[in-house]
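# Architecture at a glance
What follows is each chain in one-letter form.
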Amino acid sequence: WPLQEMLDRLLLDEDQFGPIVYDTVTLPYFPLLMTLFMLNLGYLDIFAKEMQEKDNIGDAYLPGDCFWDPLNMLEGAPPSMKRNMQERELFNGRVAMLAVAAYFFEEVTSGVPIVSMDANQLLFVPAYEIPPIQEWLDAQFSPTFNN
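Being a predicted model, the structure only gives us computed values, none of them experimental. (Residues numbered from 1 in each chain as written. Predicted model: local features only at pLDDT ≥ 70, side-chain atom pairs only at ≥ 80, totals over all residues. Heavy atoms only, no water.)

## Here's the deal with the overall build of the protein
Rules: The numbering of helices and of strands both runs from the N terminus, where a helix is a DSSP run of H or I of at least 4 residues and a strand a run of E of at least 2. Three exposure classes are used, based on accessible area relative to the maximum for each residue type with a 1.4 Å probe and protein chains only: buried under 20%, partly exposed in between, and exposed over 50%. We call two residues in contact whenever any of their non-hydrogen atoms come within 4.5 Å of each other. Residue burial considers only the protein chains on display, and all accessible areas are found by Shrake-Rupley using a 1.4 Å probe.
If you tally the helices and strands in the protein, you get five helices and zero strands. Every one of the 147 residues in the protein was classed for burial, and the buried ones make up 17%. For the protein, restricting intrachain contacts to residue pairs at least 6 apart in sequence, the fraction spanning at least 24 positions comes to 37%. Working note: accessible area of the protein is about 11,700 Å², and carbon and sulfur atoms make up 63% of it.

Here is the structure:
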C-alpha cells in the first residue's frame, strides 16, 4: 500500500489524499494488480500440484516448492543445505510481514500516510535526494579543479 499512497499523492488533489487505512479516496490500480498476483499464485499452486503428480514425488513435495530455486544455485548441494536456505527464506518472509504490520500500526496511530512521515524518508525517497547523502555524493564525485 505505500506504492498506492505514493501514486495517489502524485495523481490526486491534496484534499483527497490520505492514509489508505482510513478509507480515503484512492485509485484502484494496485488492488487490481494484487488480485492479478493472487490469481497467478493460485495458478502456480495448481501447476506445482500437477508437477508433483507427474513426477511422482509424493510426500517429498513441499508446499511452495514450485520454482523455489529457478537459477539452480543449489544444484548438487546436499539436502541439508537446501533445507537451511528454505528456512532462511521463510524467516526473511516473516520479518517482512512484521515490517508491514509495523507500517500499518504506525499509520493507524499517527493518522499520517506512511510515505509522508519524516522518519520514513530513507524508505520512500531515492537516496540521492536525501540531503546528507546528497552532500556526501557531491563531496565524493564533484569535479575538483586544481589550478
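Once the structure has been displayed, the description carries forward.
## Focus on a nonpolar patch on the surface
The condition that has to hold: Note on patches: the residues involved have over 30% relative accessible area and no salt bridge, like charges join within 9 Å, and the nonpolar side chains Val, Leu, Ile, Met, Phe, Trp and Tyr join within 5 Å. The working definition used for a salt bridge is a side-chain nitrogen of Lys or Arg within 4 Å of a carboxyl oxygen of Asp or Glu.
Together, Leu 33, Met 34, Leu 36, Phe 37, Met 38, Leu 41, Tyr 43 and Leu 44 give the surface a local cluster of nonpolar side chains, amounting to about 760 Å² of exposed area. Positionally, Leu 41 belongs in helix H2 (residues 29-55).

## Focus: the packing of aromatic side chains
We describe a pair of aromatic rings using the distance from one ring centre to the other and the angle between the two ring planes. Short version of the rule: Aromatic rings from Phe, Tyr and Trp, taking only the six-membered ring of Trp, are treated as a pair when their centres fall within 6.5 Å; an angle between ring planes under 30 degrees marks them as stacked, one over 60 as edge-to-face, and anything in between as tilted.
Using the criterion set out here, one finds one aromatic pair in the structure. For the pair Trp 136 and Phe 141, a centre-to-centre distance of 6.3 Å together with 85° between the ring planes defines the contact as edge-to-face. Given a relative accessible area of 48%, Trp 136 falls into the partly exposed group.

## Concerning the pattern of salt bridges
Across all of its chains, the model carries one salt bridge by this definition. Arg 83 is the salt-bridge partner of Glu 87, the closest N and O atoms lying 3.6 Å from each other. Of this pair, Glu 87 and Arg 83 both sit in helix H3 (residues 79-110), four residues apart, which is roughly one turn of the helix. The exposure class of Glu 87 is partly exposed, given its relative accessible area of 42%.

## Looking at the confidence of the model for the protein
What counts here: A score between 0 and 100, pLDDT records how confident the predictor is in each residue.
On average, residues of the protein score 76 in pLDDT, and 68% of them reach the 70 mark or higher. The least confident element of the protein is helix H1 (residues 2-11), whose mean pLDDT is 68; the most confident is H3, at 87.

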